[in-house]
Amino acid sequence: VRLVESGGGLVHTGDSLRLSCAVFGSSSDLYGMGWFRQAPGKEREFVASISGLTGDSQYSDFVRGRFSISRDNPKQALYLQMNSLKPEDTAIYYCARAHSYSGRGSGDFNTWGQGTQVTVSS
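Residues numbered from 1 in each chain as written. Predicted model: local features only at pLDDT ≥ 70, side-chain atom pairs only at ≥ 80, totals over all residues. Heavy atoms only, no water.

(A) Region of the structure containing the packing of aromatic side chains. In the structure shown here, the tally under the stated rule is 4 aromatic pairs. Between Phe-109 and Trp-112, the ring centres sit 6.3 Å apart and the planes meet at 55 degrees, which makes this aromatic pair tilted. An aromatic cluster of at least three residues, connected via ring pairs, comprises Phe-36, Phe-46, Phe-109 and Trp-112. Lying over the aromatic face of Tyr-79, Arg-18 brings its terminal NZ or CZ to 3.9 Å of the ring centre. A cation over a ring is seen here: Arg-44 above Trp-112, with NZ or CZ 3.8 Å from the ring centre. (Phe/Tyr/Trp six-rings, centres within 6.5 Å; stacked < 30°, edge-to-face > 60°. Lys NZ or Arg CZ within 6 Å of the ring centre and 35° of its normal.)

As structure tokens, this is what we get:
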């Protein structure tokens, strides 16, 4: 399985971006999918995830209400709609596939993309 992220870029505070993750090589319909991010000098952190069985989503406290995760199984794609972006959202954003139908911690995920850079200027 290969995950390829796209959609990152340089934006201003308050702008929006939509990240996409394309899944190649294997169907991920029943697997949990998620987004993580890593800022310079910081550890990778959970952003959001979506269950493969129920479609239920989870969010970290710092993005809840601003970001929205979704998936399109026929297209084998995962999305992250990011609104009201802040400078502290600047990071490399990674798409990941879970071991099973859901996940939240990085240990729940075993397949990772290469990441896409998001930079939010003040």
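(B) Geometry of the environment of His-12. For His-12, the location among the structural elements is in strand β2 (residues 9-12). Remark: the alpha-carbon pair of His-12 and Ala-91, spanning 79 residues in sequence, is separated by 14 Å. Residues within four places of His-12 in sequence aside, it is in contact with Leu-85, Val-120 and Ser-121. A distance of 2.9 Å separates the side chain of His-12 from the side chain of Ser-121, its partner in a polar contact. (Helix = DSSP H or I, 4+ residues; strand = E, 2+ residues; numbered from the N terminus. Contact = heavy atoms within 4.5 Å. Polar contact = N/O pair within 3.5 Å; in protein donor to acceptor, adjacent residues only side chain to side chain.)

(C) Structural view of the sheet that holds strand β1 (residues 2-6). Spatial strand order, β1-β3-β8-β7: 4 strands in an open sheet with antiparallel pairing. Strand pairing shows two members of the sheet lacking a second neighbour, β1 and β7 (67-72), which therefore form its edges. Along the sheet, successive strands turn relative to each other by an average axial angle of 15 degrees, direction set aside. (Pairing = 2+ DSSP bridges. Axes fitted to C-alpha atoms, helices over the stretch in contact; angles between N-to-C directions.)

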